[in-house]
Amino acid sequence: MKFKTTLTTIACAVLACTAFSSTANAAKIGVSMPTQSLQRWNQDGHNLKEQLEASGHEVELLYAGDNDIPTQLNQIENMIAGDCDVLVIAPIDGGSLTAVLKGAKDKKIPVVSYDRLIMNSNAISYYATFDNYKVGQIQGNYIVDALKLNDDATPAKNIELFTGSIDDNNVNFFFGGAIDVLQPYLDSGKLVCKSGQTKKEQVATLNWSTEEAQKRMENLISSNGYGPDGTKLDVVLSSNDSVANGITNALVNAGYDASNFPVLTGQDCDKPSVTNMKRGLQTMSVFKDTRDLAKQVVVMVNAIVDGKEVPVNDTTTYNNGTGVIPSYLCSPIVVTKDNLKEVLFDSGYYKESEIK
Ligand code: BGC
């Protein structure tokens, strides 16, 4: 790995305001993102590129079409062949990169796993993500509070469960965190899942697809008789917003509106979900400020290229099958219609005019 100290780098480092981490060494950074069809990854890619460039790096940012695994493999192979100095990768399928990353290991190119953990590869140096277990716990605890499940007077409530793509290691944490909170209530009968579908594999949604989630919710509605005039559906756990959007579509088509909408969770604060929260068609979302994650990754990359100690705050949780990967976990926060203005608009994450 060779890094060049250039005048441009120094100029950029000086120009970069204190919000940006600086480096003494300009490097070539390859960034691989899974899809451009979900807003969150567009934001991640944009923030990361902007902040890495502000640190003086040359950045090649590539999106793998719409979650196309062969495209992602190809793009990473080319970045390795092109002698990038560091790779930052958000995998589509965490288990699909073992072979291609042997090339990175051979060339001693450090790999930072971004948001999702790359499994079964000893080429991974670091992992930067949010506290994914906490995301699930926040959703579970929100449900417990919203439905007053700890109140003896509260009658049994009907719940259905949805999570994301089974090939995404994050699902183990999102679903695991939520179900660890909810399981005692399912066991005691305070929560009833009429479909009986409570296992991760039964409630997964391939590629986190809105359409797949909508189809499954439509089936649950017809097979269990849920509806504003039928069996009461009190709550739907959804691990993220793209899945929640499909659930909302199915519920609205079945006649639900803001006056009788079940509690519905989400994650990301994607724009359609912010609109739905304002309209009463989704109850909460977990906000993960992708600007913070990008900032942390830039700090990691700069420490790597400068040969300094890389800051991490978790060295026990994330084992990718080859060992524990030193990780930095950013903090997620709960957003509802009551605080979305402060968290999303006042912080400059979105302009109020961008939201319908
Ligand atoms: C991310 C979520 C996102 C989901 C679908 C997960 O790995 O952590 O923020 O909603 O992928 O893109």
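Residues numbered from 1 in each chain as written. Predicted model: local features only at pLDDT ≥ 70, side-chain atom pairs only at ≥ 80, totals over all residues. Heavy atoms only, no water.

Participant: What's the story with the pattern of salt bridges in this structure? I'm lost.
Facilitator: Side chains that carry opposite charge are capable of pairing whenever their charged atoms lie near each other. The tally for this structure, following the rule as stated, stands at eleven salt bridges. Two residues, Arg40 and Asp115, come together in a salt bridge whose shortest N-O distance is 3.1 Å. Of this pair, Arg40 sits in helix H2 (residues 39-54) while Asp115 sits in the loop between strand E4 (111-114) and strand E5 (124-130), placing them 75 residues apart in sequence. As far as burial versus exposure is concerned, Arg40 and Asp115 are alike and both buried. Between Lys49 and Glu53 there is a salt bridge, with its nearest N and O atoms 2.9 Å apart. Of this pair, Lys49 and Glu53 are both found in helix H2, four residues apart, which corresponds to roughly one turn of the helix. What makes Glu53 partly exposed here is its relative accessible area of 33%. Bridged by salt links that share partners, the residues Arg40, Asp44, Asp115 and Lys288 form one connected network. (Salt bridge = Lys/Arg side-chain N within 4 Å of Asp/Glu carboxyl O. Helix = DSSP H or I, 4+ residues; strand = E, 2+ residues; numbered from the N terminus. Buried < 20%, exposed > 50% of the residue type's maximum accessible area, 1.4 Å probe, protein only.)

Participant: I keep staring at empty space enclosed by the protein and nothing clicks. Help me out?
Facilitator: Any space left empty among the atoms is revealed by the rolling of a water-sized probe across them. The final tally for this structure, using the stated rule, is three cavities of 30 Å³ or more. For the largest cavity, the lining is made up of 13 residues, of which Trp41, Arg116, Trp208, Asn240 and Asp268 are closest to its centre. Looking at the lining of the largest cavity, the elements that each hand over two or more residues are H2 and helix H6 (170-188). Within the lining of the largest cavity, the residues separate by chemical class into four nonpolar, three polar and six charged. (1 Å grid on protein atoms, 1.4 Å probe; cavity = no way out; pocket = protein on both sides within 12 Å on 5 of 7 lines; lining within 4 Å. Points joined across faces, edges and corners; volume = space filled by probe spheres on them. Nonpolar A, V, L, I, M, F, W, Y, C, P; charged D, E, K, R; others polar.)

Participant: Would you mind going over the sheet that holds strand E8 (residues 235-238) with me for this structure?
Facilitator: Strand pairs in the sheet, formed through backbone hydrogen bonds, run parallel or antiparallel to each other. As summarised here, the arrangement of the four strands in space is E7-E6-E8-E9, forming an open sheet in which the pairing is parallel. A strand with exactly one partner marks an edge of an open sheet, and here the two such strands are strand E7 (191-192) and strand E9 (263-264). Direction of pairing for strand E6 (residues 157-162) relative to E7: parallel, over a ladder of two bridges. When the bridges of E7 are listed, Asn158 appears paired with Val192. Across the sheet, helix H9 (residues 241-253) lies against E6, E8 and E9, angled at about 150° from E8, the strand it touches most. (Pairing = 2+ DSSP bridges. Contact = heavy atoms within 4.5 Å. Axes fitted to C-alpha atoms, helices over the stretch in contact; angles between N-to-C directions.)

Participant: Can you help me understand the state of the cysteines in this one?
Facilitator: Put plainly, a disulfide is one covalent bond tying together the sulfur atoms of two cysteines. Enumeration over the complete set of coordinates arrives at zero disulfides. There is no disulfide at Cys330, and the cysteine sulfur nearest it, in Cys269, is 15 Å away. Assessed through its relative accessible area of 7%, Cys330 is described here as buried. (Disulfide = S-S within 2.5 Å.)

Participant: Looking at this structure, I do not really get the site of the ligand. What am I missing?
Facilitator: Close to the ligand lie 13 residues, the nearest being Arg40, Asp115, Arg116, Asp168 and Asp268. One of the side-chain N or O atoms of Arg40 is found 2.7 Å from an oxygen atom in the ligand. When the free accessible area of the ligand is taken as 310 Å², the share hidden by the protein chains comes to 99%. A majority-of-atoms criterion places the ligand in the largest cavity. Looking at the shell around the ligand, the elements that each hand over two or more residues are H2 and H6. Residue composition of the shell around the ligand, grouped by class: four nonpolar, three polar and six charged. (Near = heavy atom within 4 Å. Polar contact = N/O pair within 3.5 Å; in protein donor to acceptor, adjacent residues only side chain to side chain. Areas by Shrake-Rupley, 256 points an atom, 1.4 Å probe, with all protein chains shown as cover. Sits in = over half its atoms within 2 Å of the grid points.)

Participant: Help me out: how do you make sense of the pairing of E8 in this one?
Facilitator: Side-chain direction in a regular strand flips from residue to residue, so the side chains alternate between the two faces of the sheet. Residues Val235 and Leu237 of E8 are buried on one face, and the alternating residues Val236 and Ser238, pointing to the opposite face, are buried as well. Note that E6 and E8 share four bridges and pair parallel. Its bridge partner being in E8, Leu161 is matched across the sheet by Leu237. As judged from the two bridges shared by E8 and E9, these two strands associate in the parallel manner. Counted as the bridge partner of Val236 is Leu264 from E9. In this fold, E8 hands off to H9, which returns the chain to E9; that crossover is right-handed. (Right-handed = clockwise from strand over helix to strand, strands pointing away.)

Participant: Looking at this model, I keep getting lost on the sheet that holds E5. Mind explaining?
Facilitator: Read from one edge to the other, the open sheet built from six strands follows the order E2-E1-E3-E4-E5-E11, with strand pairing classed as parallel. This sheet does not close on itself; its edge strands, each paired only once, are strand E2 (58-63) and strand E11 (327-330). With strand direction ignored, the average angle separating the axes of adjacent strands in the sheet is 15°. Sheet analysis places strand E1 (residues 28-33) next to E2, joined by six bridges and oriented parallel. Counted as the bridge partner of Val31 is Leu61 from E2. Contacting E1, E2 and strand E3 (86-89), helix H3 (residues 69-81) crosses the sheet at an angle of about 175° to E1.

Such coordinate-based values are descriptive only and should not be taken to indicate function.
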